[in-house]
Amino acid sequence: MWDDAFPSFLIGLREGLEAGLIVSILVATLVRAGAKSRLPQVWTGVLAAIALAMSFGAVLTFTAASLSATAQEAFGGTLSVVAVAFVTAMVFWMRRSARSLSGEIKEKVTGALAMGAGMLVVTSFLAVGREGLETALFLWTTARAAGESAGPMIGAGIGLVIAAGLCWGLYRRVLKINLTKFFTATGVVLIVIAAGVLGYGLRDLQEGGVLPGKAAFAFDLSQTIDPNAWYTTLVQGVFNLMPAMTWLQIGAYVAYLVIVMTLFVRGVRSAAKPAPAPRPATEKAAADKPVEEKAADEAVVEKADAAQGAAAEAGAAEDGSAGGGAPESESAVEPAEAPAGAGRKRPGWLLPVAVVAVPAVVAGGIVAFGKSKPAGAPTIAVSEKECGKGFTAPKPGRQTFQMQNTGDKTSEVYLVDPSTNAVYGEIEGLAPGTTRDLVATIAGGSYAWRCVPTGGKAVTSAAVRVSGGGGAKAVVPVAEEDLAGPLRAYKQYVDRGLATLTDQTQKLSDDLAGGDLDGARTDWLTAHRTYSSLGAAYGTFEDFDKKINGRADGLPGGVHDKDFSGFHRIEYGLWHGASADELSGPAQQLHDAVVGLRKAFPTQDFDPGDLPLRTHEILENTLQFELTGDTDQGSGTNLATADANLTGTRELLDVLRPLIAKREPQLLASIESDIARMQKLLDDAHHDGTWTPVEKLDATARQRLNGITGQLLEHLAPVPDLLEIRKSA
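Residues numbered from 1 in each chain as written. Predicted model: local features only at pLDDT ≥ 70, side-chain atom pairs only at ≥ 80, totals over all residues. Heavy atoms only, no water.

**Q** Would you take a moment to explain the sheet that holds strand S4 (residues 397-405) for this structure?
**A** In a beta sheet, neighbouring strands pair by backbone hydrogen bonds and run either parallel or antiparallel. Taken in spatial order, the three strands line up as S3-S4-S7 in an open sheet, and their pairing is mixed. Whereas interior strands pair on both sides, the edge strands pair on one side only; in this sheet they are strand S3 (379-382) and strand S7 (435-442). Each strand of the sheet is rotated relative to its neighbour by a mean of 35 degrees, with strand direction disregarded. Pairing of S3 with S4 involves four bridges; the strand directions are parallel. Counterpart to Ile-380 in the pairing with S4 is Met-403. (Pairing = 2+ DSSP bridges. Helix = DSSP H or I, 4+ residues; strand = E, 2+ residues; numbered from the N terminus. Axes fitted to C-alpha atoms, helices over the stretch in contact; angles between N-to-C directions.)

**Q** Honestly, the pattern of salt bridges in this entry has me stumped. Any pointers?
**A** For the coordinates displayed, the defined rule picks out 13 salt bridges. In this structure, Arg-614 and Asp-610 form a salt bridge, with 3.7 Å as the shortest nitrogen-oxygen distance. You can see Arg-614 and its partner Asp-610 sitting in helix H18 (residues 610-626), four residues apart, about one turn around the helix. Its relative accessible area of 16% is what places Asp-610 among the buried residues. (Salt bridge = Lys/Arg side-chain N within 4 Å of Asp/Glu carboxyl O. Buried < 20%, exposed > 50% of the residue type's maximum accessible area, 1.4 Å probe, protein only.)

**Q** Would you mind going over a nonpolar patch on the surface with me for this structure?
**A** A surface patch of nonpolar side chains, about 350 Å² in accessible area, is lined by Val-254, Val-258, Ile-259 and Leu-263. Relative to the helices and strands, Leu-263 resides in helix H9 (residues 247-271). On the basis of relative accessible area, Leu-263 is assigned to the partly exposed category, the value being 44%. (Patch = residues over 30% accessible without salt bridge, like charges linked within 9 Å, V, L, I, M, F, W, Y side chains within 5 Å. Areas by Shrake-Rupley, 256 points an atom, 1.4 Å probe, with all protein chains shown as cover.)

**Q** Could you clarify how one ought to interpret the nonpolar core in this entry?
**A** Most often, soluble globular proteins have nonpolar side chains that are buried together. In this structure, Ile-548, Leu-639 and Leu-656 are the most contacted members of the largest nonpolar core, which totals 67 residues. Sort the elements by how many residues they give to this core and helix H19 (residues 638-663) lands first, with ten residues. With 31 residues, the next largest nonpolar core counts Leu-10, Trp-140, Val-260 and Phe-264 among its residues. (Core = buried A, V, L, I, M, F, W, Y, C linked by side-chain atoms within 4.5 Å.)

**Q** Help me out: how do you make sense of the confidence of the model for the protein in this one?
**A** Low-confidence regions, as indicated by low pLDDT, have predicted coordinates that should not be scrutinised in detail. Averaged over the protein, the pLDDT score is 77; the fraction of residues at 70 or greater is 74%. Predicted confidence for residues 277-346 stays below pLDDT 50, and this span has 94 contacts to residues more than four positions away or in other chains. Contacts for the low-pLDDT stretch residues 370-375, under 50 throughout, to residues beyond four places or in other chains number six contacts. (pLDDT = per-residue confidence, 0-100. Contact = heavy atoms within 4.5 Å.)

**Q** What is the right way to look at the pairing of strand S5 (residues 411-417) in this model?
**A** Each regular strand carries side chains that alternate between the two faces of the sheet. Burial runs high along S5: six of the seven residues are buried. Between the antiparallel neighbours S5 and strand S6 (residues 422-430) lie four residues, among them Asn-421 with a positive phi of about 65 degrees. When S5 meets strand S8 (residues 445-453), the two strands line up antiparallel, connected through six bridges. Looking at the pairing, Glu-412 lines up with Val-452 of S8.

**Q** Looking at this structure, how should I read the packing of aromatic side chains?
**A** In this description, a pair of aromatic rings is defined by centroid distance and the angle of the planes. As enumerated under the stated definition, the model contains ten aromatic pairs in all. Between Tyr-490 and Phe-606, the aromatic rings sit 6.4 Å apart at their centres with planes inclined by 80 degrees, giving edge-to-face as the arrangement. Within this pair, whereas Tyr-490 is found in helix H13 (residues 484-513), its partner Phe-606 is found in the loop between helix H17 (580-600) and H18, the two being separated by 116 residues in sequence. According to the relative accessible area criterion, Phe-606 is buried, its value standing at 5%. What links up through ring pairs into an aromatic cluster is the set Trp-524, Tyr-531, Phe-567 and Trp-575. When the ring centre of Phe-544 is taken as origin, the NZ or CZ atom of Lys-547, which lies over that ring, is 5.7 Å away. When the ring centre of Phe-625 is taken as origin, the NZ or CZ atom of Arg-551, which lies over that ring, is 4.9 Å away. (Phe/Tyr/Trp six-rings, centres within 6.5 Å; stacked < 30°, edge-to-face > 60°. Lys NZ or Arg CZ within 6 Å of the ring centre and 35° of its normal.)

Here it is in structure tokens:
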């Protein structure tokens, strides 16, 4: 849990110490001014700031929970970017303000004393409130990135407790801390952490559809590293660096780190070399101290403040019982005169209670208002016995329905046109006893609810008729039988491909048995391209895929491991000087695996729902593995494999074309246009039977290929949802 807790621990420690120093200066200034009776007003402002920060966190949590999955990604990503901006500003502000912090706060306290109790509450509230809001926002962001709240909250709690202890020690003068060095060191670490948060936030914005390029991966190491290893979780938790990151994430991470770290370090160096100035003899002792110690002395409120331009004494004096009191060199602040009307005495508890309660009440009102159903939003029952109960004809336009599962089974529910089964809205995984919003645009037509309990029978409610209104977009549902024809056609395609592959691997084995290495290289590429064009069936090949197209990643011996087999094992040998005799055994093993697959495939379970999923996944793997050169074992033929993957995708789209065209003809046109552009770029890298290796593509060609592949993936992404199998009554 520590990997998730560390960033929050650091922010809790740093922000807690920053806020604690401010509170210490406020308290010490009042003690020295002989205005200890005003201390409750300081604590009132502090408590109000804490209440505001906690309320802000509650509102963020509720707001995110009430959004759709896509909207949650966009909301979280936006707040992550905002959090990075706040943390960056905080790091630079504290570096710049450490020396003059006590003087600035004391001036504000002096002015507040003259203006009455209310201003002192406001002063302490504003001084601490900023740190509280920054802390709440950053903790919410890190908890969301971690996927759980326990670790970040524990880390923040430990940091805040330690910060409180340090502030107490500084106030009582039982310890000293070089605060300049402390804030510099933690600032460097926070900048690194913030760079990771920025990358994570941009990924959320890509997932939420706000930013493009969500499939344009710069690298993907998910197949080469153990996601559960301690070092993997540590890097992910602390730095938010993921095994797979897009080009936008990497670019933003590096740019932020380089620019911000450079400015921060440059500022630290310039601050460490102040311009020399003549000093009187009485300041000789102070001049002998380094700048950092003087800054620390100011922050912990030592007695003397002789250096010109330095902050005023922080005032961390002991109370009367410890011999405290205002020093002779500092004039005490006179108590303010009693304001007019002071004779009307108010209860002492009224102001603190009101100030602390207001943020909590406001946050509670926001949450309560958000949870209350919108005006006119009906509650619709979802169950086998009560499906659609409470449903009446809605008005045209965008409507919100409260879907409540009144049964004892988790259920799916669809708003449908019963005459065509077209779906206008849906909720999946509605648990018993829970209520969720379903938002749909209503136009003229017929509407009914379809409830599909897990393990139960689909039930359709009575239909209602709506008059008027504009057009409403609906998705024509796909039943399992609708995919039966495309599945048969694709299985025939795979059968033919496996028959061809069997002959090709036999020829490859014969080449090596006869010592023909040049012929083996040619026949290896031909056979590998055939296998790569069957991408949609990989999930049904079971263990055969590892034997035929396994990789060395993760194997103890790497490319020399005894379990490294198949096409990539032979590729490594053919392009790294292995003899024909050394490769004859692996080639025969490859052929035997292909023969075994060909026999087993007709009896293997091929889920028809996999067909729409594979339209996107084939080229997603192409972008991650082939267009990065990650799978190359020496042949430099990744683009040939990408070309075969594109062939397999085109074949899959051909069998699904009637279903897609019926639902989204414009989407199909965009996909076909992207495929043609990608094919043209791949053809440009193929000359006289030779493929240009990925790493030898010029920068422009490589960017264009990655860009069009990413665009094609974005257009393919809706296909699985469009052709999702939905049950009907």
